[in-house]
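Listed below, chain by chain, are the residues.
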Amino acid sequence: MRLNPFRLERYFARHEFTAAHLLCASDCESLSLGSLLAMEPGAAEQFSSLWLGYTESPGHPGLRQAIAALYEKISPDQVLVHAGAEEAIFNFMHVALAPGDHVVVQAPCYQSLGEVARGIGAEVTDWAGDPRNGWEPDLEALGAALTPRTRVVVVNFPHNPTGFLPSARFVRDLAALSRRHGFIVFADEVYRGLELNPAERLPAFTDLDARAVSLGVMSKTYGLAGLRIGWIATRNAGVLRGMAAFKDYTTICNSAPSEFLATLALRQREAIVARNLAIIRANLQRLDAFFDARREWFAWQRPRAGSIAFPELRKGSAARFCADLVRKVGVLLLPGSLYGPGYNGFRIGFGRRDLPLALEKFEAYLDSVG
Ligand SMILES: Cc1ncc(COP(=O)(O)O)c(C=O)c1O
């Protein structure tokens, strides 16, 4: 298998721990170990007596139970825990695809959602969102792209990087198309729970469709990326069996401390998500004002969910703009070109507490370049 470099991760490898202000992070503000343990009486003592042997390969039963509670129709044995969402993507693609198969991937996308399939030797077709229509991709165009070899359609709702969230009708139509055609929907739902209007939260795909696979993680909505705990939830017994066996060759089982902490965080999820949504709402107000005052520079579409958006740059090259910004004032944005050609904008993240300070530096930069 040959994998092309992961452009976004290579960019982060260069800048993430040196830039003064990460204004493009996709995760929410994290927590310290101490403040997570302090959320439940007795948790710190339990954590220090945790046994550090091998853990159960599918994930600790208590963790799988806490994850299953996020879904309507999923039982704990229909959950498989992984090292982040990234391992789950890698393993799913290996189990679901063979060389010569066809995959359709919503675009732009988090690169591994298409790249792993490409590395396996599958043919990958982009299913592009339309920026003039809030980044919604066209279901008729998807229907036209399908072939008898199409095994998987990959979607990501709420969407990285645009914050697009479809209607419930859209996802039901997609599920119906999947049943008619026979492809599996792989639904990356790592930003689920960060809907600005809770009434717009979509049903998880695994609850809508018995063959679909839903992907979740502790990193984004819960801000706990350092735990490296992700999962798939599915009623598709073949995929579940295949992924459980494949995991024997990747991580075998998960980190015991991380499983303990993820279970605790999911028990406390309402408080954690409420705090993250409060940060997001306050930051979005600032971004609305910032972009409103600078329409000659940027085209801003307020996202409906998630912790990132994808404004367009109206003057010059976004790659050069982002390079100059980080060099001169230490503010890191993610140029749209990392998502593929033709995206002359940047990803901006608003799940972190230091956004006001980063935005001040960004403003000073714009004033200095006129
Ligand atoms: C849409 C999407 N899927 C998957 C991932 C991978 O998540 P993790 O790094 O927690 O494995 C990310 C991370 O940025 C993402 O944005």
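Data block above holds the structure.
We now turn to the structure provided with this report. (Residues numbered from 1 in each chain as written. Predicted model: local features only at pLDDT ≥ 70, side-chain atom pairs only at ≥ 80, totals over all residues. Heavy atoms only, no water.)

**So, the pattern of salt bridges**
For the coordinates displayed, the defined rule picks out 16 salt bridges. Between Arg 118 and Glu 115 there is a salt bridge whose closest N-O contact spans 3.4 Å. Of this pair, Arg 118 and Glu 115 both sit in helix α6 (residues 112–120), 3 residues apart, which is roughly one turn of the helix. Owing to a relative accessible area of 38%, Arg 118 belongs among the partly exposed residues under this scheme. Accessibility expressed as a relative area gives 7% for Glu 115, which makes it buried. Among the salt bridges present, the one from Arg 201 reaches Glu 195, with a minimum N-O distance of 2.8 Å. (Salt bridge = Lys/Arg side-chain N within 4 Å of Asp/Glu carboxyl O. Helix = DSSP H or I, 4+ residues; strand = E, 2+ residues; numbered from the N terminus. Buried < 20%, exposed > 50% of the residue type's maximum accessible area, 1.4 Å probe, protein only.)

**Focus on the packing of aromatic side chains**
Within this structure, the stated rule accounts for 25 aromatic pairs. On the basis of an interplanar angle of 45 degrees and a centroid distance of 5.7 Å, the ring pair of Trp 297 and Phe 321 is categorised as tilted. Here Trp 297 is found in the loop between α12 (269–292) and β10 (298–299), whereas its partner Phe 321 is found in helix α13 (residues 318–329), with 24 residues between them in sequence. Seen from their ring centres, Phe 321 and Phe 346 are 6.2 Å apart, and the 20 degrees between their planes marks the pair as stacked. Pair noted here: Phe 321 is in helix α13 and Phe 346 is in strand β15 (residues 346–349), with a separation of 25 residues, a long-range link. Of the two residues, Phe 321 and Phe 346, both sit in the buried class. By the ring-pair criterion, three or more aromatic residues cluster together here, those being Phe 290, Phe 291, Trp 297, Phe 298, Trp 300, Phe 321, Phe 346, Phe 362 and Tyr 365. For the cation-ring pair, Lys 315 lies above Trp 297, with the distance from its terminal atom to the ring centre recorded as 4.2 Å. (Phe/Tyr/Trp six-rings, centres within 6.5 Å; stacked < 30°, edge-to-face > 60°. Lys NZ or Arg CZ within 6 Å of the ring centre and 35° of its normal.)

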